[in-house]
Amino acid sequence: MTRIYSRTVPLGADIVDAFCTLQKGFTDQFVYYRKDRPVRFMGLGRCIALPTLEGVSVDLDGEAAHQPVFFSFNRFDESNPKPTDELFAAFPRLRLMLPEVVLIEDEQGAFLQVNSLGPVYEGRVARFARQAAAAPARAARKVGYALCPDSREQWFSMMDEALAAIAAGRVRKVVLSRRQELVADQPFSSKDVLVNLIDGPSIGTVLLYRYADVFFCGCTPELLVRKRGCRVESMALAGTAPVGSSEEERQALAAALMADEKNRVEHDYVARFVREVFDRTCYDVDVPGQPQVLPLAHVQHLYTPARARMLEGVDLLTMAGDLHPTPAVSGTPVGEARMLLREVEPYNRGFFAGACGYVDAAGDGEFSVALRTGVFDGEVGWVYAGCGIVAGSDAQAEFDEIDLKLKTILTAFG
């Protein structure tokens, strides 16, 4: 039995400003920050790491009875024997991480949570609250950088292998990725990229996991699964077009995307997969038969929401495991596509396209698919993006699509 003491109090401060001030004293940092609504958790320090929530008991205290929040950052393919880049290799293999301090923003307001393995000292809570209240307004910082081009020849070779596997009937879709090395022209911090992602134009959920001197971050548009009580949500997000330079052009490109057979087929694989998972573990399943278009800052996607009620005995972590990886990040059939990726891609993706999010001690929470992300050490890093390949995919067009998607993580540098 693991006993956790958690004290939560109202916070009269902007949580991002408070985070920027408090983060100086902590090397472990965790962020799950939805930009579209106040579902925002920013963690500092690590109180404890656990493989499961089984056997956890909680003593709640304070003026606001929030459950303690565990963060979870999971690799795309945990058992892939190929090496990751050297920065991903530095992260420990942990499942659920409970921060010492969590800054929370929800529909009820902003809160400060302090977690401990012993009774929480009230003076510690008061000290953090004072520091947060005195935090100055954050300021964006632009960081110059250079991208080292990846090999176009290698990409065309990967595409040839992928299309050959599709033609042979081994897979119907596979999602290939590219990575590029980034070299900054001055040192930068996890705080710098976080502020630029939160306050910048990118749409979605901002993720950050810092461990010592390395940090993984990005802004992803793709929800994997969200649970509130017995209600559960997911989405199918696949099929991509540019947004153009005006609203009229965006609408024309969106109409062309809806009518494009290649993108509709790619999207349908994902929607069908999500529906099948929900049908096994849920009831009152609602997955519309037709997608809609989700516009983002640099691209727009075909999008189908999914909603249901979970059967008793099914939990969020189980559901996340059943859904990940979806055909949107691996291909279909999922298992065969993942094996093909091990053969074709020259690297292990690490957290890129992994399931990253949070779960509270009551079992509610949400996970997103870590797209439009990168990993950095404050001087250099790697940025990642991918695209779905089906029969008839054009290698040059897919290469250019990934360049568009990389623009999102590059907004982390202003």
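Residues numbered from 1 in each chain as written. Predicted model: local features only at pLDDT ≥ 70, side-chain atom pairs only at ≥ 80, totals over all residues. Heavy atoms only, no water.

### What about the packing of helix 6 (residues 261-281) against helix 7 (residues 316-323)?
The contact between helix 6 and helix 7 brings their axes to 10 Å, and the two run at 145 degrees. Viewed along their axes, helix 6 and helix 7 form a crossing whose handedness is right-handed. Contact with helix 6, carried on its side by F273, V274, V277, F278 and T281, involves M319, D322 and L323 of helix 7 and no other residues of that element. Considered class by class, the residues forming the contact of helix 6 with helix 7 number 6 nonpolar, 1 polar and 1 charged. (Axes fitted to C-alpha atoms, helices over the stretch in contact; angles between N-to-C directions. Helix = DSSP H or I, 4+ residues; strand = E, 2+ residues; numbered from the N terminus. Left-handed = near helix turned anticlockwise from the far one by under 90°. Contact = heavy atoms within 4.5 Å. Nonpolar A, V, L, I, M, F, W, Y, C, P; charged D, E, K, R; others polar.)

### Examining the packing of aromatic side chains
Enumeration according to the criterion identifies 23 aromatic pairs in this entry. Pairing F30 with F71 gives two aromatic rings, centres 5.4 Å apart and planes at 20 degrees, and the pair type is stacked. A residue pair is termed long-range when its members are at least 10 positions apart, and F30 in strand 2 (residues 29-34) and F71 in strand 6 (residues 69-73) qualify at 41 residues. Across the pair, F71 and F30 agree in class, each one buried. For the ring pair F73 and F351, a centre distance of 6.4 Å and an interplane angle of 70 degrees mean the geometry is edge-to-face. Taken together, the positions of F73 in strand 6 and F351 in the loop between helix 8 (334-344) and strand 20 (355-360) put the pair 278 residues apart, joining distant regions of the chain. (Phe/Tyr/Trp six-rings, centres within 6.5 Å; stacked < 30°, edge-to-face > 60°. Buried < 20%, exposed > 50% of the residue type's maximum accessible area, 1.4 Å probe, protein only.)

### Observations concerning the pattern of salt bridges
Per the stated rule, a full pass over the model turns up 31 salt bridges. As a salt-bridge pair, K227 and D364 come within 2.9 Å of each other at their nearest N and O atoms. Taken as a pair, K227 in strand 14 (residues 223-228) and D364 in the loop between strand 20 and strand 21 (365-369) lie far apart in primary sequence, 137 residues in all. Judged by relative accessible area, K227 falls into the buried class, the value being 11%. Each of the salt bridges in this network shares a partner with another, and the network as a whole consists of R34, D36, R226, R228, E233 and E366. (Salt bridge = Lys/Arg side-chain N within 4 Å of Asp/Glu carboxyl O.)

### Here we look at the UniProt feature "domain: Chorismate-utilising enzyme C-terminal" (unreviewed entry) in the protein chain
Residues annotated in UniProt with the feature "domain: Chorismate-utilising enzyme C-terminal" (unreviewed entry) correspond here to residues 152-405. Annotation note: span residues 152-405, helix share 35%, strand share 36%, distance between end C-alpha atoms 17 Å. (UniProt positions renumbered as here; feature names shortened; annotations may be inferred.)

### Looking at the pairing of strand 14
A large share of strand 14 lies buried, amounting to 5 of its 6 residues. In this structure, strand 14 lies alongside strand 21, joined through 4 bridges in antiparallel fashion. Looking across to strand 21, one finds that R226 is bridged to E366. For strand 14 and strand 15 (residues 231-242), the ladder comprises 3 bridges, and the chain directions are antiparallel. Bridging from a neighbouring strand, R226 pairs with E233 of strand 15. (Pairing = 2+ DSSP bridges.)

### Overview of the side chain of S190
Tracing the backbone shows S190 in helix 4 (residues 190-199). You can call S190 buried: its relative accessible area is 2%. Side chain to side chain, S190 and Q29 meet in a polar contact 3.3 Å long. The contacts of S190, once residues within four sequence positions are left out, are Q29, L208, R210 and F215. (Polar contact = N/O pair within 3.5 Å; in protein donor to acceptor, adjacent residues only side chain to side chain.)

### Topic: empty space enclosed by the protein
Applying the stated criterion to the full structure yields 3 cavities of 30 Å³ or more. Of the voids in this model, the largest cavity is the one considered here, and its volume is about 200 Å³. Along the walls of the largest cavity sit 24 residues, with A328, L371, R372, G386 and K405 positioned nearest its centre. Elements with a contribution of two residues or more to the lining of the largest cavity: strand 11 (173-184), strand 15, strand 23 (380-389) and helix 9 (395-410). The residue makeup of the lining of the largest cavity, split by class, is 12 nonpolar, 6 polar and 6 charged. Roughly 50 Å³ of internal volume is contained in the second largest cavity. Looking at the second largest cavity, the residues that line it are S202, I203, C219, P221, L296, A297, H298, V299, R372 and T408. Residue composition of the lining of the second largest cavity, by class: 6 nonpolar, 3 polar and 1 charged. (1 Å grid on protein atoms, 1.4 Å probe; cavity = no way out; pocket = protein on both sides within 12 Å on 5 of 7 lines; lining within 4 Å. Points joined across faces, edges and corners; volume = space filled by probe spheres on them.)

### Some details on the environment of A256
Secondary-structure assignment places A256 in helix 5 (residues 247-259). Given the relative accessible area of 46%, A256 is considered partly exposed. Separated by 15 residues in the primary sequence, A256 and A241 place their C-alpha atoms 8.6 Å from one another.

### Remarks on the nonpolar core
Core analysis: the biggest nonpolar cluster contains 129 residues, and M42, F73 and L176 have the highest contact counts within it. Every residue in contact with F73, bar those within four places of it in the chain, is listed here: F30, V31, L94, R95, M97, L207, L208, Y209, F216, F351, A355 and C356. In terms of nonpolar packing, the next biggest core, distinct from the first, is built from 5 residues, A236, A238, V270 and A271 among them. (Core = buried A, V, L, I, M, F, W, Y, C linked by side-chain atoms within 4.5 Å.)

### Let's talk about the pairing of strand 3 (residues 40-44)
With respect to burial, strand 3 is a largely interior element, 5 of its 5 residues being buried. Taking every second residue as pointing to the same face, both faces of strand 3 are buried, with R40, M42 and L44 on one and F41 and G43 on the other. When strand 2 meets strand 3, the two strands line up antiparallel, connected through 5 bridges. Within strand 3, the residue paired with F30 across the bridge is G43. What sits between strand 2 and strand 3 in their antiparallel hairpin is a turn of 5 residues.

### Details of unusual backbone geometry
A cis amide bond links H324 to the next residue, P325, at an omega of -5 degrees. Inspection of the secondary structure assignment puts P325 in the loop between helix 7 and strand 19 (331-332). Of note, the amide linkage connecting T332 to P333 takes the cis form, showing an omega dihedral of -10 degrees. Assignment of secondary structure puts P333 in the loop between strand 19 and helix 8. Residue D284 is not a glycine yet carries a positive backbone phi of 50 degrees. When you line up the elements, D284 lands in strand 16 (residues 282-286). Owing to a relative accessible area of 53%, D284 belongs among the exposed residues under this scheme. For R372, which is not glycine, the phi torsion reads 55 degrees and is therefore positive.

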